[in-house]
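Here are the chains, one letter per residue:
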Amino acid sequence: MDPQEARRILDEERERGLSMIASADSSEALDAAKVGVLGRKSRFSQVQRALGSFDPEDRKRLGMAANELREALQSALDERSRALAGAEQARLLEGDRIDVTLPGRRLRTGSLHPLTIVEDEMVGIFTRMGYRVEEGPEIEDDWHNFEALNIPPDHPARTMKDSLYVEIPGFLLRTETSAVQIRTMESQDPPVYIVAPGRTYRREAVDATHLSVFHQVEGLAVDEGISFADLKGTLETFARALFGPDRRVRMNPDYFPFVEPGCQVAVSCFKCDGTGCAVCGNGWIELLGAGMVHPKVLENCGIDAERYTGFAFGIGVERVAMVRHGVSDMRMFVEGDVRFLQQFQGAGA
Ligand code: DAH
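From a predicted model like this one, the values you see are computed outputs, not experimental measurements.

### Some words on unusual backbone geometry
For step 1, the next point in the chain: For the bond running from Pro190 to Pro191, omega is 0°, close enough to zero to count as cis.
For step 2, the next point in the chain: Mapped onto the secondary structure, Pro191 falls in the loop between α7 (178–187) and β5 (192–201).
For step 3, the next point in the chain: A cis amide bond, omega -5°, links Glu260 with the succeeding residue Pro261.
For step 4, the next point in the chain: By secondary structure assignment, the location of Pro261 is in strand β8 (residues 259–268).
For step 5, the next point in the chain: The residue Asn150 is not glycine, and still its phi comes out positive at about 65°.
For step 6, the next point in the chain: Exposure remark for Asn150: the relative accessible area of 16% places this residue in the buried category.
For step 7, the next point in the chain: For Asp273, which is not glycine, the phi dihedral falls at a positive 60°.
For step 8, the next point in the chain: Inspection of the secondary structure puts Asp273 in the loop between β8 and β9 (284–293).
For step 9, the next point in the chain: Looking at Asp273, the relative accessible area reads 41%, which means it is partly exposed.

### Topic: the site of the ligand
For step 1, the next point in the chain: Within the structure, the ligand sits among 15 residues, and Glu176, Ser178, Arg202, Gln216 and Glu218 are positioned closest to it.
For step 2, the next point in the chain: Gln216 places a side-chain nitrogen or oxygen 2.8 Å from an oxygen atom of the ligand.
For step 3, the next point in the chain: Within the backbone of Ala312, a nitrogen or oxygen atom sits 3.2 Å from an oxygen atom of the ligand.
For step 4, the next point in the chain: Look at the ligand: alone it shows 350 Å² of surface, and the protein chains cover 90% of it.
For step 5, the next point in the chain: Assessed atom by atom at 2 Å from the grid points, the ligand resides in the largest pocket.
For step 6, the next point in the chain: Going through the elements one at a time, α7, β6 (213–223), β9 and β10 (309–316) are the ones with two or more residues in the shell around the ligand.

### Re the sheet that holds strand β7 (residues 249–254)
For step 1, the next point in the chain: Taken in spatial order, the seven strands of this open sheet run β1-β5-β6-β10-β9-β8-β7, and their pairing is mixed. Pairing within the sheet leaves two strands with one partner each, and these edge strands are β1 (132–133) and β7.
For step 2, the next point in the chain: For β9 and β10, the ladder comprises five bridges, and the chain directions are antiparallel. The residue bridging Gly289 from the neighbouring strand is Gly314, located in β10.

What counts, and at which threshold
- Residues numbered from 1 in each chain as written.
- Predicted model: local features only at pLDDT ≥ 70, side-chain atom pairs only at ≥ 80, totals over all residues.
- Heavy atoms only, no water.
- Helix = DSSP H or I, 4+ residues; strand = E, 2+ residues; numbered from the N terminus.
- Buried < 20%, exposed > 50% of the residue type's maximum accessible area, 1.4 Å probe, protein only.
- Near = heavy atom within 4 Å.
- Polar contact = N/O pair within 3.5 Å; in protein donor to acceptor, adjacent residues only side chain to side chain.
- Areas by Shrake-Rupley, 256 points an atom, 1.4 Å probe, with all protein chains shown as cover.
- 1 Å grid on protein atoms, 1.4 Å probe; cavity = no way out; pocket = protein on both sides within 12 Å on 5 of 7 lines; lining within 4 Å.
- Sits in = over half its atoms within 2 Å of the grid points.
- Pairing = 2+ DSSP bridges.

Shown next, in the form of structure tokens:
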């Protein structure tokens, strides 16, 4: 290479290098451009290596030109590198941008099931009167579900038609929470004041007013000197707490094997106050069964029926929830339709 050619290469490399640097659109492309214009195999380096073979004057002149070119290319590289880094940063920032003025996304909260709400409400009324909560098993034995409740072996309630039996002989899905009365009296001496909420099962055709799996709240009070008047007062207090202070309670004779006398209890309608409307029909809402605990039941549990008396009652939770919330079909409680369940959002504890 002679000095003339070196000069020409330096001029060409200035033009080619600056345009390569200017068109590098990423830091990788810029690194490649740097190797191409100033790297060991670049034409610029070839010129530098040739300088030693030139005479002193050319060496000095072209050496200066080469230095000047290297500085120019280097400063173009630096400037381009800063520009690319700035653009990169701007792109990252743009991608991460958060609009703090957007309204937040609200989490959808669930709600308690309407039956849970009503059951809690009913149990709460009794616990505030001093009752304790008891529970019993849903798979019950013959003794607790029937025998001890004075339901003899030939009683129609025992037939396969009404009860759901399990494969273990002598066991069935409890048909009423009354079974918990027996378990409680067997294990505790009077005075006993308990409520027993829970699930019950019957071999029942499901329709608008019947489910085969449903809920009851059972109540039992056993003490010295308990009378029918105590039962009436307790149920009046309950009905007024649930449906309003003006409610009246009506008791009609009814038969349940485990009470004597037994009655069907209705409350005057909270909508029409007893004159008759779409909620109640004839002015009264039938709420529950109740009565004075049969002496045989007390004795079956080892309680002295001469000394102690008691009353008991059993309330259908679905029934109360239906009148309370104007639900016309009991099946709504088990269908899991969110549009139905959502209406109870925020209700209950
Ligand atoms: N166990 C009855 C039923 O399922 C309801 C009932 C009636 C419970 C009278 C009682 C009672 O404790 O005394 O229909």
